[in-house]
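As a plain string of letters, each chain reads:
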Amino acid sequence: MRSFRFLLGLGLLAAGGLEAQQTSRIEPVTGLRSNSTGYHALVGARVVTAPGQVLESGTVVIRDGIITAVGRNLAPPAGARVWDLKGLTVYPGFIDAHADIGVGAVPQGGDVGPTHWNPQVRAWFSTTANFKDDTTRRAALRSNGFATALVVPKQGIFRGQASVMNLGDVGVRERVLRPDIVQSIGFQRSLQLGGGYPNSPMGVIALMEQTLMDADWYIRARDAWEKGGRSVLPPETSEALQSLATVVRGQQPVLFQTESEEDYLRAYKLAGEYKLVPWFRGSGQEYRLLDQLRGRTNPLILPLNFPDAPNVSNPEAALDASLAQLRHWYLAPTNPAQLAGANIPFALTTDGLSSLDQFLPNLRIAIARGLTPDRALEALTTVPARWLGIERTHGTIAAGKVANLVVAEGDIFTQDAAGGHVGGGGRAAARSGP
């Protein structure tokens, strides 16, 4: 099985193609400035402009990293460099709605500054301000078709704010598309932050509720101090509680990372009680909750971390495999299809996989178990683009949108897809595919 060809912001076609996606640069250019025309025409390809919309023998015209024209049998404009893609298929670049990239570990010695009394509360943490580039993982995401991602913090219970990033090979300042758009909350404490309270599911919920109530009090106390002319000592400073101000006021969504159907139910109830705007990173067990999920439109992001088959190689081992394990092993790959069949919107993520090389094979398994290719493409493009607030520039192939494209030989959603992975700066980086 060979891999794909990927054109991320025209990295294949022109060095610095992604730079054109930014309206301006603050940092002065050192040395010679690249003055490439950045003008290209991809001709002859089968172009999937959006889920369910296909142009046979299509042409995509791109200038300075932005699509300027898309159509069937368009003549390449004068001055454009022509790329013959006959026999290939072009898709919109995928969007990972819950990526684990560039966050880094907890600082040695722990967090410093006016932190929360409980180290599991890190709501002040910003993936924009603390992003640590991981070129290897970015390349691995791109090799699976992803051009954009929501970068989500991973440490603690109140984990901090997630940001939308481009995955191209440019500086961090040029990759940030939307900084700190959603607060992340998990139901599992991080032992890197210490092994104290909370140490039970009940304790986790208690800490969540107390922290939300404290944040509401903190905002009102600071407001009262300001309105009182600062005539008394102020409440103690808490970056964590201050960072939750927009959350408790319903102005910023909360992304709950659930590990089970019970976590989802707890998160949904908590959001209702404290008037939060909830998003959910699913557990892969949502097929057990179809009755509760029907009619709900809260963003739901599904992992494709299907369980391995239980060991039933001999009678003794088979006795250790419970009916629940066998049922989940059989039904987990149908999770996306069952949600699609119930008209429950969802996006997809690579999060939860032990290796990114599992993503495309698991996606194809989900399609073989009932998920249609159009719904799969929706979950990787238009749905996350809308939820992340980048639908005007990402998610489809259309004039005025960023030229984040995936080019494949064959259908990317079947075992027929093939090609070579091509990276930025005009250099080809050969890679064996999934």
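Please read these numbers as outputs of a predicted model, since none were measured by experiment. (Residues numbered from 1 in each chain as written. Predicted model: local features only at pLDDT ≥ 70, side-chain atom pairs only at ≥ 80, totals over all residues. Heavy atoms only, no water.)

Visitor: Describe the overall build of the protein chain, naming the residues involved and giving the relevant values.
Guide: In terms of helices and strands, the protein chain carries 13 helices and 15 strands. Buried residues in the protein chain amount to 52% of all 434 residues. For the protein chain, the accessible area works out to roughly 19500 Å², and carbon and sulfur atoms hold 51% of it. (Helix = DSSP H or I, 4+ residues; strand = E, 2+ residues; numbered from the N terminus. Buried < 20%, exposed > 50% of the residue type's maximum accessible area, 1.4 Å probe, protein only. Areas by Shrake-Rupley, 256 points an atom, 1.4 Å probe, with all protein chains shown as cover.)

Visitor: A description of unusual backbone geometry should follow, citing residues and the corresponding values.
Guide: Residue Y197 is joined to P198 through a cis peptide bond whose omega torsion reads 0 degrees. On the secondary structure map, P198 appears in the loop between β10 (176-186) and α3 (201-227).

Visitor: I'd like a rundown of the packing of aromatic side chains, residues and numbers included.
Guide: Under the counting rule described, the total for this entry stands at eleven aromatic pairs. Arranged with centres 5.8 Å apart and planes meeting at 75 degrees, the rings of F94 and F146 form a pair that is edge-to-face. Taken as a pair, F94 in strand β7 (residues 94-99) and F146 in strand β8 (residues 146-151) lie far apart in primary sequence, 52 residues in all. For F146, a relative accessible area of 0% corresponds to the buried category. Connected via pairs of aromatic rings, a cluster forms that spans Y91, F94, F146, F359 and F413. Cation over ring: R63 sits above Y39, and NZ or CZ is 4.0 Å from the ring centre. Its guanidinium or amino end placed over the ring of Y268, R296 lies 3.6 Å from that ring's centre, counting from NZ or CZ. (Phe/Tyr/Trp six-rings, centres within 6.5 Å; stacked < 30°, edge-to-face > 60°. Lys NZ or Arg CZ within 6 Å of the ring centre and 35° of its normal.)

Visitor: Describe in detail helix α11 (residues 359-368), supporting the description with residues and values.
Guide: Burial of α11 is extensive: seven of the ten residues sit out of reach of the surface. Looking only at α11, the buried set comprises F359, L360, N362, L363, R364, A366 and I367. After α11 finishes, the residue G370 shows a positive phi value of roughly 120 degrees.

Visitor: Give me the nonpolar core: which residues, what numbers.
Guide: Generally speaking, nonpolar side chains in soluble globular proteins are found buried as a group. Among the nonpolar cores identified, the biggest contains 76 residues, and F158, M208, F256, L363 and F413 are the most heavily contacted of them. Considering every element that reaches this core, the biggest residue donor is α3, with eight residues. Every residue in contact with F256, bar those within four places of it in the chain, is listed here: I185, F187, A267, L270, A271, L276, P278, W279, F280 and R281. In this structure, I181, V182, W279 and V383 belong to the second largest nonpolar core, which totals 17 residues. (Core = buried A, V, L, I, M, F, W, Y, C linked by side-chain atoms within 4.5 Å. Contact = heavy atoms within 4.5 Å.)

Visitor: Quick rundown of the confidence of the model for the protein chain? Include the residues and the values.
Guide: For the protein chain, the mean per-residue pLDDT works out to 86, and 85% of the residues sit at or above 70. Overall, residues 8-23 carries pLDDT values under 50, and its contacts beyond four positions in sequence, including any with other chains, amount to 52 contacts. Per-residue pLDDT stays below 50 along residues 418-434; that stretch engages in 51 contacts with residues further than four places along the chain or on separate chains. (pLDDT = per-residue confidence, 0-100.)

Visitor: Requested: an account of the pattern of salt bridges, with residues and values cited.
Guide: Using the criterion set out here, one finds 14 salt bridges in the structure. Here R138 ties to D169 by a salt bridge, and the two come within 2.9 Å at their closest N and O atoms. Of this pair, R138 sits in helix α1 (residues 135-142) while D169 sits in the loop between β9 (158-166) and α2 (172-175), placing them 31 residues apart in sequence. Among the residues examined, R138 registers a relative accessible area of 2% and is labelled buried. R281 is the partner of D351 in a salt bridge, and the nearest nitrogen-oxygen pair spans 3.1 Å. Highlighted residues: D351 in the loop between β14 (347-349) and α11 and R281 in strand β12 (residues 278-281), separated in sequence by 70 residues. Of the two residues, D351 and R281, both sit in the buried class. Bridged by salt links that share partners, the residues D133, R138, R142, D169 and R175 form one connected network. (Salt bridge = Lys/Arg side-chain N within 4 Å of Asp/Glu carboxyl O.)

Visitor: Any chance you could break down the sheet that holds β14 for me, citing the residues and the numbers?
Guide: Spatially, β7-β8-β9-β10-β11-β12-β13-β14 is the arrangement adopted by the eight strands of the open sheet, whose pairing is mixed. The outermost strands of the open sheet, each flanked by one partner alone, are β7 and β14. The sheet shows a mean angle of 30 degrees between the axes of neighbouring strands, taken without regard to direction. In this sheet, strand β13 (residues 300-303) lies alongside β12 in parallel orientation, the contact comprising two bridges. Directly across from R281, in β13, lies its bridge partner I301. Across the sheet, helix α12 (residues 373-380) touches β7, β8 and β14, and the angle it forms with β14 is around 75 degrees. (Pairing = 2+ DSSP bridges. Axes fitted to C-alpha atoms, helices over the stretch in contact; angles between N-to-C directions.)

Visitor: So what's going on with α3? Which residues, and what values?
Guide: The terminal C-alpha atoms of α3, which comprises 27 residues, lie 39 Å apart, in line with the 39 Å expected from a rise of 1.5 Å per residue. Inspection of α3 places G203, V204, I205, L207, M208, T211, L212, A215, Y218, I219, A221 and W225 among the buried residues, and these make up the whole buried set. Taken together, the buried residues of α3 touch β9, β10, α4 (239-243), α5 (245-248) and α6 (261-273). Just downstream of α3, G229 is the residue with a positive phi angle, here 75 degrees. (Expected span 1.5 Å × (residues − 1).)

Visitor: How would you summarise the packing of α11 against α12 if you had to cite specific residues and measurements?
Guide: In contact at an axis separation of 10 Å, α11 and α12 are set at 135 degrees when each is read in the N-to-C sense. In this view, α11 runs oblique relative to α12, as classed from their interaxial angle. In the crossing of α11 with α12, the sense of the turn from one axis to the other is right-handed. Of the residues in α12, those touching α11 at F359, L363 and I367 are P373, A376 and L380. Its residues assigned to classes, the contact of α11 with α12 comprises six nonpolar, no polar and no charged. (Parallel < 35°, antiparallel > 145°, perpendicular 65-115°, else oblique. Left-handed = near helix turned anticlockwise from the far one by under 90°. Nonpolar A, V, L, I, M, F, W, Y, C, P; charged D, E, K, R; others polar.)

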